[in-house]
Amino acid sequence: MKTPLIAAIAGAVLTVAAAGAQAQAATYAIEPTHTFVTFEISHFGTSTNRGRFDKKEGTVTFDRAGKSGKVDITIDTTSINTGTAPFDKHLKSAEILNTEAQPTARFVGDKFSFNGDKVTEVAGQLTLNGKTNPVTLKAVNFNCYQNPMLKREVCGGDFEATIVRSQYGVNYGLNYGFPDAVKLVIQVEAVKQ
């Protein structure tokens, strides 16, 4: 008699513990007015060309206690904005981003590294121009706070990565001396759902 009772109690405790562990993970929606993906590339070693993508969406599943998470962000590459319309048009062309054929880019990251309860990097896969390669976003800054207006938790930070654009089929200008390396600077905030 004691064995089934003990097994039932142990099963109930494990069920409650599992539910508690699952409750630690939360889903956050990307807040588009505080989230931007910006690129930087040297212009003949003299100045830096910069631009950003204005349209993006995605979610983050985040478990601080469990030190895990997943990021899934889609970027509308047709929304590239450098502040110069002719440059934007060239970046959208088949020579560079080929936005007519590949109108989105996507980052999916599921390997989170932490220092205490702060995210230090997120490793995953970036799909751009129809090609997928590994990318690690390094956190320059990370924090979670209780948003006084939304009355919800918001987590986010500033992340950076350098990609090799030829790995994504973007070879334009390499023969002129433009670098293959492009720096990505990502500002992201996500609201707990």
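What you are looking at is a predicted structure, and each value in this text was computed from that prediction instead of being measured. (Residues numbered from 1 in each chain as written. Predicted model: local features only at pLDDT ≥ 70, side-chain atom pairs only at ≥ 80, totals over all residues. Heavy atoms only, no water.)

Chemist: Go over the packing of aromatic side chains, please, and point to the residues and values.
Modeler: Within this structure, the stated rule accounts for eight aromatic pairs. Ring geometry for Tyr28 versus Phe62: centroids 6.2 Å apart, planes at 70°, classification edge-to-face. Pair noted here: Tyr28 is in strand 1 (residues 26-30) and Phe62 is in strand 4 (residues 56-63), with a separation of 34 residues, a long-range link. Centroid distance Phe62 to Phe112: 6.3 Å. Interplanar angle 35°. Geometry classified as tilted. A residue pair is termed long-range when its members are at least 10 positions apart, and Phe62 in strand 4 and Phe112 in strand 7 (residues 104-115) qualify at 50 residues. The pair formed by Phe62 and Phe112 is uniform in burial state, with each residue classed as buried. Through pairs of rings, three or more aromatic residues link up here, namely Tyr28, Phe62, Phe112, Phe114 and Phe142. (Phe/Tyr/Trp six-rings, centres within 6.5 Å; stacked < 30°, edge-to-face > 60°. Helix = DSSP H or I, 4+ residues; strand = E, 2+ residues; numbered from the N terminus. Buried < 20%, exposed > 50% of the residue type's maximum accessible area, 1.4 Å probe, protein only.)

Chemist: Describe the pairing of strand 11 (residues 181-192), with residues and values.
Modeler: Bridge count between strand 1 and strand 11: three bridges; the pairing is antiparallel. Its bridge partner lying in strand 11, Tyr28 is registered against Lys192. Note that strand 2 (residues 36-43) and strand 11 share five bridges and pair antiparallel. Its bridge partner being in strand 11, Val37 is matched across the sheet by Ile186. Sheet topology note: the strand 10 (residues 152-164)/strand 11 ladder contains 11 bridges and is antiparallel. (Pairing = 2+ DSSP bridges.)

Chemist: Which residues make up unusual backbone geometry, and what values do they have?
Modeler: You will see that Lys67, though not glycine, has its phi angle at about 55°, which is positive. Structurally, Lys67 is set in the loop between strand 4 and strand 5 (68-76). With a relative accessible area of 40%, Lys67 lands in the partly exposed category. The phi torsion at Lys151 lies on the positive side, around 60°, for a residue other than glycine. Of note, Lys151 is situated in the loop between strand 9 (131-147) and strand 10.

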